[in-house]
Amino acid sequence: MSTPSANPSLERLRTPVQYLKGVGPHRAEKLARLNIFTALDLLFFFPRDYQDVRDVIPIAQLVEDEPASIIGIVEEVTLRNTGPGRSILGVLIRSDDQYLRAVWFNQPFLRRRFNEGTRVLLSGKPTMNGLRWEMAHPIADVLEEAQEEIGGKILPIYPLTEGIRQGAMRRLVHLTVEEYRKEIEEVLPQSFLDEHGLMPVHHAIQQIHSPDDHESKAAAQRRFIYQELLVLQLALAVRRYQLTASRHSLPIPIDGRIDDRIRRLIPFELTEAQNQAVAEVTQDLARDVPMNRMLQGDVGSGKTIVALYAMLAAVAAGSQAAMMAPTEVLARQHARTLGKLLAQAQVKVGLLTGTLTDRQRRELLAEVASGEVQLLIGTQAMIASQIEFKQLGLVVIDEQHKFGVRQRGLLRSAGLDPHYLVMTATPIPRTIAMSLFGDLDVSSIREAPPGRQPVHTYIGAEEEREKWWEFFRKKLREGRQGYVVAPLVDESSTGDSASAEQLMESLSNGELEEFRLRLLHGRMSAEEKEETMRLFNDGEIQTLVSTSVIEVGVDVPNAVVMTIEGGERFGLAQLHQLRGRISRGSHAGFLCIFADPKSDQSRERLEALAKSTDGFELAELDFRLRGPGDLFGFKQHGMPPLRIADLQRDAELLEKARTDARSIIAADPALADAKWEKLRRMVFIRYGKSLEIGDLA
Ligand code: ADP
Ligand code: MG
């Protein structure tokens, strides 16, 4: 930033690290790898953990399974390879003729940290192994000469990078805190700190880096975690305000007569969950501010009918409705469903996709502009088409997670804003939904329509392969269809496509030789994919050999068997989505996952999948298994990652931050009051762009 700042404190905080005492250009380069460029970055470079050296005890006083810290000298270091990618690092520590062995599995790189003769501090859970104490994966800290007197302290443990040691990092942060902490602005008004029991920033920054005791450490952390979540929630609340309360739309009121007319068109009874979702949607629609709602429900839970209900309500109120789907196949499917429902009704449906001729498109757009077409279904081609509606009352986005980044305001008619309904089949854990989609109101469908057949899920052992393929072939011979999913290779579609190609090669010359197979992967052209999906839909192809990108939403009820290879590489939510492909019809589904679960975590994932078919339950579990620090979805949504808050661990603070943010914004939608000025800057600097809430005004 080259704009001169009127704020000398801020200028000082922006001092590049290389000018700090003891840094210089060489070390500055290394710090840059940790995203530390200025004094300010260092102040907010928080410890990832702490080591309490106040309870260091002699080895002789250790008690089985009771966490403790010890100090000793490294006697001997051994690194054994125990298989591909597997190793055991053992470090023997001596203190007063007592010995303890620290072990690390599969972390050979740690070896470099331990030299014979160095003094180390270890914290962990001791277990007695034979005659000697052992600690598996303890927190380890190499003590330097300068740190001789460590009595009575809780030491911070920072994330490190090659070439910077813990001791050096501690000293650097410590000096920076001493010298610069007074320059930090308190962004929260004093009254707010008091009311919410938050530690003031100068004290908190000091306590988070070198705490006096556990209580003040926790209070300091709480302050920064809460602040980070509050800033996020304020941004979302501002966005929510900007998209709803400050806009106007045409109210779409639904009375008993209209409700009855719509329901008569639907060939089945709505489930309780669907009725609940319809009630939430219709309440929003009746208002003169736009609805901004997400409808989430597992694959096959019956979201479409809720959307169609809303679209028909819009038509009944004299306006138009549009629905956008991520693929042409899906758009056509929706148009077909609507066509069937509306066979007796006087409603005109248009279908806009990329494959229309110019002339067809012109005609369709003219009919949309005149209002003749009341319901428009389409793909992303709708966005490119600059459609003019006569009176657009409602926009539905299906499978919104497939569109990636938030896009809205793309379909808009002059004057009033349409109501918005976005649908997603990826169940989202509550805390994630509150953070990534906190600007949306959420409706969830958790029960499946009646009559669904279960999917049987097996975790296949290698020696059962032949038996499983025999079963797979039997199903195909009975006239059913199947999927085979290739292992994930990496994040690039290139690697995955190659792995699917390989699998195709071996199946068509082996296990599935006698059947009609076809390949589907992300690197094929759109036409090839559409063609393949159509053939599969029509039953011309018996088995699809595919990457994990089996097209969303496609409903081929006749497909009932699925093999997943390399199951340990998939996330739980992803496996569940894949399984969703074979739970759509009146036949029971059968899934076999072959996997080499290297970690306990992936074994746990697979077992959970075999046990539960509830997508929400699995999503929560997946989220928990990923552990703290996982940035689930933030990057994908173009949002800056959280630095200190952890959505699982801090779920309670998140709720609080959300409630507080919403009440602040309700009273002062633009954070215009002078007392919010600094906080407002922070909100807009951090989220102005990613959440499209505007630049700092
Ligand atoms: P998704 O939530 O994945 O979009 P769909 O809306 O496509 O699910 O619904 C899946 C199938 O369930 C469709 O064939 C639909 O007709 C059927 N369905 C939806 N709701 C009900 C219901 N209440 N009773 C019976 N069948 C239903
Ligand atoms: Mg759907």
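Labelled according to an unreviewed UniProt entry, the protein chain appears under the name ATP-dependent DNA helicase RecG, originating from Blastopirellula retiformator.

Asker: Could you give an account of the packing of helix α9 (residues 272-285) against helix α10 (residues 304-316), with specific residues and numbers?
Answerer: It is at 10 Å that the axes of α9 and α10 come closest, and there the two elements cross at 30 degrees. With respect to their mutual orientation, α9 and α10 come out roughly parallel. Where α9 crosses over α10, the two elements pack in a sense that is right-handed. Where α9 abuts α10, its residues Q274, A277, V278, V281, T282 and L285 lie against I305, V306, Y309 and A310. Among the residues forming the contact of α9 with α10, the class breakdown is eight nonpolar, two polar and no charged.

Asker: Break down helix α6 (residues 201-209) for me, citing the residues and quoting the values.
Answerer: α6 sits mainly inside the fold: seven of its nine residues count as buried. Where α6 is buried, its residues touch α3 (39-43), β1 (49-52), β9 (154-157), α4 (166-180) and α7 (214-243).

Asker: Let's hear about the sheet that holds strand β5 (residues 119-124): which residues, and what values?
Answerer: Judged by pairing direction, the sheet is mixed, and its seven strands sit side by side in the order β6-β7-β4-β3-β2-β5-β8 without closing on themselves. Edge positions in the sheet fall to β6 (126-129) and β8 (139-143), since each has one partner strand and no second. The mean inter-strand angle of the sheet, taken between neighbouring strand axes irrespective of direction, is 40 degrees. Judged from the eight bridges that link them, strand β3 (residues 86-95) and strand β4 (residues 98-105) form a sheet pairing that is antiparallel.

Asker: Can you tell me about the pattern of salt bridges, naming the residues and giving the values?
Answerer: Tallied over the full model, the rule gives 34 salt bridges. R477 serves as the salt-bridge partner of E470, at 3.9 Å between the closest nitrogen and oxygen. Judged by relative accessible area, R477 falls into the partly exposed class, the value being 47%. The salt bridge partner of E514 is R477, with a shortest N-O separation of 3.5 Å. Separated by 37 residues along the polypeptide, E514 in the loop between α16 (493-508) and β19 (517-520) and R477 in helix α15 (residues 465-477) bring together distant segments of the chain.

Asker: Requested: an account of the packing of α10 against helix α11 (residues 328-341), with residues and values cited.
Answerer: The interhelical angle for the contact between α10 and α11, taken along N-to-C directions, is 60 degrees, at an axis separation of 12 Å. When the axes of α10 and α11 are compared, the pair comes out oblique. α10 and α11 meet at a crossing whose hand is right-handed. Residue-level contacts link T304, I305, L308 and M311 of α10 to H334, T337, L338 and L341 of α11. Classifying every residue of the contact of α10 with α11 by side-chain character gives five nonpolar, three polar and no charged.

Asker: Describe in detail the pairing of strand β10 (residues 292-297), supporting the description with residues and values.
Answerer: Counted residue by residue, β10 has six buried out of six residues, so it is predominantly covered. Looking at chain direction, β10 and strand β15 (residues 419-424) are connected through five bridges and run parallel. Within the sheet, the bridge partner assigned to L295 lies in β15 and is M423.

Asker: An account of unusual backbone geometry is requested, with residue identities and associated values reported.
Answerer: Even without a glycine there, the phi angle at D97 is positive, about 65 degrees. With respect to the secondary-structure elements, D97 resides in the loop between β3 and β4.

Asker: Go over the packing of aromatic side chains, please, and point to the residues and values.
Answerer: Here a ring pair, both rings aromatic, is described through the centre-centre distance and the interplanar angle of the planes. Counted by the stated rule, this structure contains 13 aromatic pairs. Centre to centre, the rings of F45 and Y158 are 5.9 Å apart; their planes meet at 15 degrees, and the pair counts as stacked. Placement of F45 in the loop between α3 and β1 and of Y158 in the loop between β9 and α4 is noted, with a sequence separation of 113 residues between them. Since its relative accessible area comes to 11%, F45 is described here as buried. On the basis of relative accessible area, Y158 is assigned to the buried category, the value being 2%.

Asker: So what about the side chain of R181? Which residues, and what values?
Answerer: Inspection of the secondary structure assignment puts R181 in the loop between α4 and α5 (190-196). Look at R181: it is buried, it has no salt bridge, and the nearest opposite charge is E178 at 4.9 Å. If near-sequence neighbours (up to four positions away) are discounted, R181 is found in contact with T176, H202, I205 and Q206.

Asker: Go over the pairing of strand β18 (residues 481-485), please, and point to the residues and values.
Answerer: Judged by how many residues are buried, β18 sits mostly within the fold: five of five residues are covered. As judged from the five bridges shared by β18 and strand β21 (residues 559-564), these two strands associate in the parallel manner. Across the sheet, the residue bridging to Q481 is A559, located in β21. In this structure, β18 lies alongside strand β20 (residues 543-546), joined through four bridges in parallel fashion. Bridge pairing in β20 places Y483 opposite L544.

Procedures and definitions
- Residues numbered from 1 in each chain as written.
- Chains lettered and ligands numbered in written order.
- Predicted model: local features only at pLDDT ≥ 70, side-chain atom pairs only at ≥ 80, totals over all residues.
- Heavy atoms only, no water.
- Axes fitted to C-alpha atoms, helices over the stretch in contact; angles between N-to-C directions.
- Helix = DSSP H or I, 4+ residues; strand = E, 2+ residues; numbered from the N terminus.
- Parallel < 35°, antiparallel > 145°, perpendicular 65-115°, else oblique.
- Left-handed = near helix turned anticlockwise from the far one by under 90°.
- Contact = heavy atoms within 4.5 Å.
- Nonpolar A, V, L, I, M, F, W, Y, C, P; charged D, E, K, R; others polar.
- Buried < 20%, exposed > 50% of the residue type's maximum accessible area, 1.4 Å probe, protein only.
- Pairing = 2+ DSSP bridges.
- Salt bridge = Lys/Arg side-chain N within 4 Å of Asp/Glu carboxyl O.
- Phe/Tyr/Trp six-rings, centres within 6.5 Å; stacked < 30°, edge-to-face > 60°.
- Lys, Arg positive; Asp, Glu negative; His and termini not counted.

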